[in-house]
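Listed below, chain by chain, are the residues.
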Amino acid sequence: MRYRGRFAPSPTGPLHFGSLVAALGSWLDARAHGGEWLIRIEDVDRARERPGAAEAQLATLRRLGLVSDLPIVRQSQRLERYREVLARLVQSGRAFPCSCSRRELASSGGVHRRCLHPPMPARQAVRLRVEAGLECFEDRVFGRCCEDLARSTGDFVLLRADGFFAYQFAVVVDDADQGISDVVRGADLLASTARQRLLQRALGLPHPRTMHLPLVLDASGNKLAKSEGAQAIDREDPAAVLRRAWLHLGQEPSVLAGLRTVQAILAQAQRHWTPARVPPSWPPKGVTAPM
Ligand code: GLU
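We now turn to the structure provided with this report. (Residues numbered from 1 in each chain as written. Predicted model: local features only at pLDDT ≥ 70, side-chain atom pairs only at ≥ 80, totals over all residues. Heavy atoms only, no water.)

**Remarks on the overall build of the protein**
Across its full length, the protein holds 8 helices and 10 strands. The C-alpha atoms of the protein give 19 Å as radius of gyration, which agrees with the globular expectation for 291 residues (19 Å, within 12%). Its C-alpha atoms give the protein principal-axis dimensions of roughly 65 × 40 × 40 Å. Within the span of the protein, comprising 291 residues, buried residues form 51% of the whole. Across the protein, contacts joining residues at least 24 apart in sequence account for 77% of those joining residues at least 6 apart. A total accessible area of about 13500 Å² is found for the protein, and carbon and sulfur atoms account for 53% of it. (Helix = DSSP H or I, 4+ residues; strand = E, 2+ residues; numbered from the N terminus. Rg over C-alpha atoms; globule rule 2.2 N^0.38 Å. Buried < 20%, exposed > 50% of the residue type's maximum accessible area, 1.4 Å probe, protein only. Contact = heavy atoms within 4.5 Å. Areas by Shrake-Rupley, 256 points an atom, 1.4 Å probe, with all protein chains shown as cover.)

**A look at the packing of aromatic side chains**
Per the stated rule, a full pass over the model turns up 3 aromatic pairs. Ring geometry for Phe165 versus Phe169: centroids 5.7 Å apart, planes at 25°, classification stacked. Comparing Phe165 with Phe169 shows no difference in burial state: the two are buried. Taken together, Tyr82, Phe165 and Phe169 form an aromatic cluster joined through their ring pairs. The side chain of Arg244 reaches across the aromatic face of Phe17, ending 4.1 Å from its centre. (Phe/Tyr/Trp six-rings, centres within 6.5 Å; stacked < 30°, edge-to-face > 60°. Lys NZ or Arg CZ within 6 Å of the ring centre and 35° of its normal.)

**Remarks on the site of the ligand**
The ligand sits among 10 residues. The nearest are Arg6, Ala8, Glu42, Tyr167 and Arg185. Ala8 places a main-chain nitrogen or oxygen 2.7 Å from a nitrogen atom of the ligand. Measuring from an oxygen atom of the ligand, one finds a side-chain N or O atom of Arg185 at 2.9 Å. Protein burial of the ligand: of its 300 Å² of free accessible surface, 84% is covered by the chains. Grouping the constituent residues of the shell around the ligand by class yields 5 nonpolar, 1 polar and 4 charged. (Near = heavy atom within 4 Å. Polar contact = N/O pair within 3.5 Å; in protein donor to acceptor, adjacent residues only side chain to side chain. Nonpolar A, V, L, I, M, F, W, Y, C, P; charged D, E, K, R; others polar.)

**Regarding the environment of Val111**
Within the secondary structure, Val111 sits in the loop between β4 (95-98) and β5 (125-128). For Val111, a relative accessible area of 6% gives the class buried. A C-alpha to C-alpha distance of 6.7 Å links Val111 and Ser152, two positions 41 residues apart in sequence.

**Describing the packing of helix α5 (residues 167-177) against helix α6 (residues 190-202)**
Two numbers describe how α5 lies on α6: the axes approach to 10 Å, and their chain directions differ by 60°. The orientation of α5 relative to α6 falls into the category oblique. Judged by the sense of rotation from one axis to the other, the crossing of α5 with α6 is right-handed. Across the interface between the two elements, Tyr167, Gln168, Phe169, Val171 and Val172 from α5 touch Ser192, Arg195, Gln196, Leu199 and Gln200 from α6. Residue classes in the contact of α5 with α6 are distributed as 5 nonpolar, 4 polar and 1 charged. (Axes fitted to C-alpha atoms, helices over the stretch in contact; angles between N-to-C directions. Parallel < 35°, antiparallel > 145°, perpendicular 65-115°, else oblique. Left-handed = near helix turned anticlockwise from the far one by under 90°.)

**Some remarks on helix α2 (residues 53-63)**
Taken as a whole, α2 has its buried residues at Ala53, Ala54, Gln57, Leu58, Thr60 and Leu61. Along the long axis of α2, the arc covered by the buried residues comes to 160°, so they all point the same way. Where α2 is buried, its residues meet β1 (4-7), α1 (17-32), β2 (36-41) and β3 (73-74). Just beyond α2, the residue with positive phi is Gly65, at close to 80°. (Arc of directions from axis to C-beta.)

**Structural notes on the environment of Trp273**
Structurally, Trp273 can be placed in the segment after α8 (262-272). Separated by 242 residues in sequence, Trp273 and Arg31 place their C-alpha atoms 9.2 Å apart. Those residues within four positions of Trp273 in sequence are excluded, and the remaining contacts are Gly25, Leu28, Asp29, Ala32, Met211, Trp246, Leu249, Gln251 and Val278. Among the polar contacts made by the side chain of Trp273, one reaches the side chain of Asp29 at a distance of 2.8 Å.

Shown next as structure tokens:
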């Protein structure tokens, strides 16, 4: 399969250094494999979107020389496709309507094992049925990871009760429709990979390879979040930002010595990209690590 990677930011605020590390890592890995690199705007959750954020993120990426090889896809334009795929899952019995609320599931730690009452027409989510058993995969940085989804998440949400499609669902449909061979992203999403693989299997889709990159944490050990107004990187010299991201990815510092322009840095970096140097860093507090 030909290499095709992607960077998929949610437009919840300006890009911060942590998102840039994911953007650069996915771009370098695609280029080093002679592959394509796409940008996808994950604006499926309209409630969290900030007006103008997607355009600002794209402008930041452009300044850093990171430009999508194909026209940019926005999830908000794909709702019809999501509805069609979801209907197929419900018809086959793999997914089911559910009105259990978060409060009702609190006693089982939020894990959904069975419906506590019949679905109510007014507030219905759709969940994927999760069977007992380990979901295992080989991550290019973390090695073999396994998760028992029946214990950690239970039947998980594909369509939320507020009508928005869940990230887990949209990302799987998009990666497949766009022919993504390699998912390279932040290590917080390692904890989503098992769910995404289960969904891929339920839909008869191939599993992309995965590589989870070190997160950038703030002083108290939490992941930087765009929506919490983490400092934007636009005020910094683009060459300096790229150099800093290269170091964060565990790459050899001397490779970029003396290079001043974005073009020179990216050209040299793609020649020397060494995935084996990327350090495994565990997800931050509050993110469930796979078992
Ligand atoms: N949209 C997600 C985010 O901004 C990334 C999704 C992914 O790379 O799978 O964190």
